Amino acid sequence: MNRLAQGVILLLLGGSVLRATLGGDQIYLRYVKESLQPFLIGAGVLLCLTAIMTIVNEFTHQKHEDDGHGHHHEPRVGWMLLAPVLGILLVAPPALGAFAAGRSGSAQLQDANLYPPLPEGNPAQISLLDYATRAIFDHGESMRGRTVKLSGFMSQGPGGKQVLTRIMLSCCAADGRPLKIGMEGNVPEGVRDDQWVEVIGRYSATTEKDPINEGDIPHIEVIEWRPIDPPRNQYE
Amino acid sequence: MPVTVTERPQRPQDEAPEREKTRRFGSVEVLALILIALVVFRVPIAAKVMEFPGLQTWTTVFVSVMVQAMPFLVFGVALSAVIAVYVPRSFWAKALPKHPGLAVPVAGAAGVILPGCECGSVPIAGSLMRRGVTPAAALAFLLAAPAINPIVLTATAVAFPGNPEMVVARGAASLVVAVVMGWLWLRLGKAEWIRLPHRPELDGMSKGQAFWASCRHDVIHAGGFLVLGAMAAATINVVVPGKWLQSLAGNPVLSVIALALLAVLLSICSEADAFVAASLSQFSLTSRLVFLVVGPMVDLKLISMQAGVFGRRFAVRFAPATLAVAIVIASLTGLVLLS
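What counts as what
For every chain, the first residue of its written sequence is number 1, and the numbers climb from 1 along that sequence. Chains carry letters from A onward and ligands carry numbers from 1 onward, assigned in written order. Given that this is a predicted model, residues contribute local features only at a pLDDT of at least 70 and side-chain atom pairs are listed and counted only at 80 or more, while totals for whole chains, interfaces and linings are drawn from all residues. Numbering of helices and strands starts at the N terminus; helices are DSSP runs of H or I of at least 4 residues and strands are runs of E of at least 2. We compute the radius of gyration over the C-alpha atoms and compare it with the globule rule, which gives 2.2 Å times the number of residues raised to the power 0.38. Exposed residues have 12 or fewer other C-beta atoms within 10 Å of their own C-beta, buried residues have 20 or more, and partly exposed residues fall in between, where C-beta atoms are placed from the backbone. By the criterion used throughout, residues are in contact when their C-beta atoms, derived from the backbone, lie within 7 Å. An arc is given here, and it is the one of the directions from the helix axis to the C-beta atoms. Residue type decides the class: Asp, Glu, Lys and Arg count as charged, Ala, Val, Leu, Ile, Met, Phe, Trp, Tyr, Cys and Pro as nonpolar, and the leftover types, Gly among them, as polar. Residue ranges for the domains originate in an automatic or database domain assignment. Helix axes use the C-alpha atoms of the stretch in contact, all axes being lines fitted to C-alpha atoms, and the angles between their N-to-C directions lie in the range 0 to 180 degrees. Should an angle lie under 35 degrees it is considered roughly parallel, over 145 roughly antiparallel, and from 65 to 115 roughly perpendicular; all remaining angles are considered oblique. Handedness of a crossing follows from how the near helix is turned relative to the far one, being left-handed for an anticlockwise turn of less than a right angle and right-handed for a clockwise one. pLDDT expresses how confident the predictor is about each individual residue, on a scale running from 0 to 100. A set of buried Ala, Val, Leu, Ile, Met, Phe, Trp, Tyr and Cys residues, joined to one another through C-beta atoms within 7 Å, is what we call a nonpolar core. DSSP calls a pair of strands paired once it identifies at least 2 bridges connecting them. Look down the strands so they point away from you; if going from the first strand over the helix to the second traces a clockwise path, that crossover is right-handed.

Visitor: I would appreciate a short explanation of the overall build of chain A in the present structure.
Guide: Summing up its helical and strand segments, chain A has six helices and six strands in all. Listed N to C, the secondary structure of chain A is α-α-α-α-α-β-α-β-β-β-β-β in terms of helices and strands. Its C-alpha atoms give chain A a radius of gyration of 24 Å, clearly above 18 Å, the size a compact globule of 236 residues would have.

Here's what the structure looks like:
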């Protein structure tokens, strides 16, 4: 691969990183945490600058390279950098969904020790993580007499029953761990896996074990539900 | 993957321009053709990927690992270019102890100041060696930097709120492994195992040109191998279901070996691995410590990048040795601090 081709590949790589980060559809949120955005922009700009300097140098210093000492044979492995470019620009795969959730054990929950009152409103909109921690460690005390609103996608839980699911990230999708909430009462019916739903319900004392890693899966008693579009950031 | 560097044979002056022309036409043309083909077939390709949930998840995980690693790779490469171009050789002679045996622990402890994950430290270690730092010290830095920096230790503390001793155990075991590997290299290592890839001659250029040439070279090189590693890690992520691990968790010896191998195969960033370790709750704390010590030092993307930056003969010896030392030291640390 010669330097001009390397310059083009660097430009494509930097361009695709910037496209994923700054594009209106914000596809980078399907892969990493939102907090990485400024670093991605910095990396994309540096890659583009490197590409531009490479291409400019290649044209202005032609003579210098042609004196028999030019070392143009650069590693073929550089071609592999086209793979992420194509992955981002052409395929732009969706965020992790039911397939990944069905194969990984439920995320390990941590006791927060302190459970402040739910946010205003009835139902109160909370995250799956918040619901699961209050249900498992606080035994629903802080949710007594209230209804809550949760949103997530459907995936296969224990015993082939659908569970409300959301994937939690620490860095990127490679470390994604699913949060699963079992449903009872007016459970969503006829909804395919991966479809996003909003559920309004109240605390249920039932819990079960995820057979994959013996993690706890709390339940919610569903009062009503409706299908929704996926949110801007699908991870928690 | 071997990186062969062939010197272009010297040609009589009158032939040179023509050769130049045909060869140049070569890679840029291939690149253009690939891109045109992909833009034309874009829709069917994307649709095909979406048809298979496994393939789709593979693509998501692969792109995620690359996107996550990109800032760390690029900033690591920029820092290594600064080392190569702007930091004079004499600086390292003053900063590190003269005796290589002492330089190793100093370089290992210096890893605390590089808050990044492992993708950035490989090109930096390569750059340090080029600037005359003794390989043993550069290797100790390479192993220690991703494991003991403040961000990683803070993440570990957050992931294990009930076990603060985990942070101490991780920091101590990682530093000891890095220093032991540095000393091992001093005793057993052979300089000819390390073959730094040919790099464009930076001497004839202005500092600015040299900086960009070094950046270009390192991104293409280390980045290309990072892609191979990310592909392998995505494959493991999709192919190995979580249930398999469950059956190994009961046996203390098997669980240590299983999590050490899992750390190698999954290739998770050192800043995130503590959260994954926390979710492997059916495993003992000691086996999870092994996971945290091995992961930042030996994993598929690191082995691939080390083979690219230091040569394959180096990687086939260094990676297994590090794995063995890391398993032993982390298990002993776990026995002392975690039980």
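That shown, we press on.
Visitor: Looking at this structure, I do not really get the overall build of chain B. What am I missing?
Guide: If you tally the helices and strands in chain B, you get 16 helices and zero strands. Relative to its 339 residues, chain B shows a buried fraction of 52%. For chain B, long-range pairs separated by at least 24 residues make up 84% of all intrachain contacts whose partners lie at least 6 apart in sequence.

Visitor: Just checking my understanding: could you explain helix α8 (residues 150-159) of chain B for this structure?
Guide: Spacing of three or four residues puts side chains on the same side of an α-helix, whose turn is 3.6 residues. Residues and elements named next belong to chain B. Taken residue by residue, α8 has V152, A155, T156 and A159 as its buried positions. With its buried residues spanning 100° around the axis, α8 presents them on a single face. Buried-residue contacts for α8 involve α7 (135-148), α9 (165-188), α13 (273-279) and α14 (285-294).

Visitor: I keep staring at the interface of chain A and chain B and nothing clicks. Help me out?
Guide: When the parts of a complex come together, some accessible area is lost, and that lost area is often used as the size of the interface. Taken together, the contact between chain A and chain B spans 67 residues of the former and 70 residues of the latter. If you list the elements that add at least two residues to the side of chain A that touches chain B, you get α1 (3-22), α2 (37-60), α4 (82-91) and α5 (98-103) of chain A. Looking at the side of chain A that touches chain B residue by residue, the classes come out as 40 nonpolar, 20 polar and seven charged.

Visitor: Just checking my understanding: could you explain the domain arrangement of chain A for this structure?
Guide: Segmentation of chain A into domains returns domain 1 (3-93) and domain 2 (100-227). Using only C-alpha atoms to locate each centre, domain 1 of chain A and domain 2 of chain A end up separated by 40 Å.

Visitor: Looking at this structure, I do not really get the packing of α2(A) against helix α3 (residues 53-85) of chain B. What am I missing?
Guide: Two numbers describe a pair of packed helices, the interaxial angle and the distance between the axes. In the contact formed by α2(A) and α3(B), the axes pass within 9 Å of each other and the chain directions differ by 55°. Taken together, the axes of α2(A) and α3(B) are oblique relative to one another. Like other packed secondary-structure pairs, α2(A) and α3(B) cross with a definite hand, here left-handed. The residues of α3(B) that touch α2(A), namely those facing F39(A), L40(A), G42(A), A43(A), L46(A) and L47(A), are V67(B), M70(B), P71(B), V74(B) and A78(B). Taken together, the residues of the contact of α2(A) with α3(B) sort by class into 10 nonpolar, one polar and no charged.

Visitor: What is the right way to look at helix α15 (residues 300-310) of chain B in this model?
Guide: Residues and elements named next belong to chain B. The buried fraction of α15 is high, at 11 of 11 residues. Three or more residues of α15 are buried, namely L300, K301, L302, I303, S304, M305, Q306, A307, G308, V309 and F310. Of the residues trailing α15, G311 is marked for its positive phi of about 105°.

Visitor: Please clarify how the confidence of the model for chain A should be interpreted in this entry.
Guide: The predicted structure's coordinates, where accompanied by low pLDDT, should not be read in detail. All names here are of chain A. Of the residues in chain A, 94% have a pLDDT of 70 or more, and the chain-wide mean is 88. Within chain A, the element-level pLDDT minimum falls on helix α3 (residues 62-65), averaging 50, and the maximum on strand β2 (residues 148-156), averaging 95. Predicted confidence for residues 63-72 stays below pLDDT 50, and this span has 10 contacts to residues more than four positions away or in other chains.

Visitor: Which parts of the structure should I look at to understand the nonpolar core?
Guide: As a rule of thumb, soluble globular proteins bury nonpolar side chains together. With 175 residues, the main nonpolar core has A140(B), V177(B), V294(B) and A326(B) as its most contacted residues. The greatest single-element share of this core, amounting to 17 residues, is contributed by α3(B). Split by domain, the residues of this core number at least three in each of domain 1 (3-93) and domain 2 (100-227) of chain A. Non-local contacts of A140(B), meaning those with residues more than four positions away in its chain, are made with V104(B), A107(B), G108(B), A178(B), V179(B), M181(B) and G182(B).

Visitor: Is there a simple way to think about the pairing of strand β4 (residues 177-185) of chain A in this case?
Guide: Where a strand is regular, its side chains alternate between the two sheet faces. Residue and element names in this part refer to chain A. The buried fraction of β4 amounts to seven of the nine residues, a majority that puts the element mostly inside the structure. With six bridges joining them, strand β3 (residues 162-168) and β4 adopt antiparallel strand pairing. What sits directly across from L164, in β4, is I181. Bridge count between β4 and strand β6 (residues 216-227): four bridges; the pairing is parallel. Counterpart to G185 in the pairing with β6 is V222.

Visitor: Is there a simple way to explain the confidence of the model for chain B in this structure?
Guide: All names here are of chain B. Averaged over chain B, the pLDDT score is 82; the fraction of residues at 70 or greater is 89%. Here residues 1-24 scores under 50 on pLDDT; set against residues more than four positions off or in separate chains, the count is 21 contacts. Quick note on the complex model: pTM equals 0.81, ipTM equals 0.91.

Visitor: Would you mind showing me how to read the packing of helix α12 (residues 252-266) of chain B against helix α16 (residues 312-337) of chain B here?
Guide: Residue and element names in this part refer to chain B. α16 packs onto α12 with a crossing angle of 130° between their chain directions and a minimal axis gap of 11 Å. One finds that α12 runs oblique with respect to α16. The hand of the α12/α16 crossing is right-handed. Taking contact as the criterion, the partners of V256, A260 and V264 in α12 are, on α16, L323, I327 and S331.

Visitor: Can you walk me through the environment of A93(B) in this structure?
Guide: Residues and elements named next belong to chain B. Of note, A93 is situated in helix α4 (residues 89-95). Overall, the presence of 12 C-beta atoms within 10 Å leaves A93 in the exposed class. For the pair A93 and R131, spaced 38 residues apart in sequence, the C-alpha to C-alpha distance is 9.8 Å.

Visitor: Please clarify how the pairing of β2(A) should be interpreted in this entry.
Guide: All names here are of chain A. Two strands pair when backbone bridges link them, and strand β1 (residues 124-125) and β2 are joined in this way by two bridges, in the parallel orientation. Paired with Q125 across the two strands is K149, which belongs to β2. This β-α-β element, β1 to helix α6 (residues 128-137) to β2, shows right-handed connectivity. Two strands pair when backbone bridges link them, and β2 and strand β5 (residues 196-209) are joined in this way by six bridges, in the antiparallel orientation. Note on β5: the bridge partner recorded for G152 is V197. Connecting the antiparallel pair β2 and β3 is a turn made up of five residues, with G159 showing a positive phi of about 65°.

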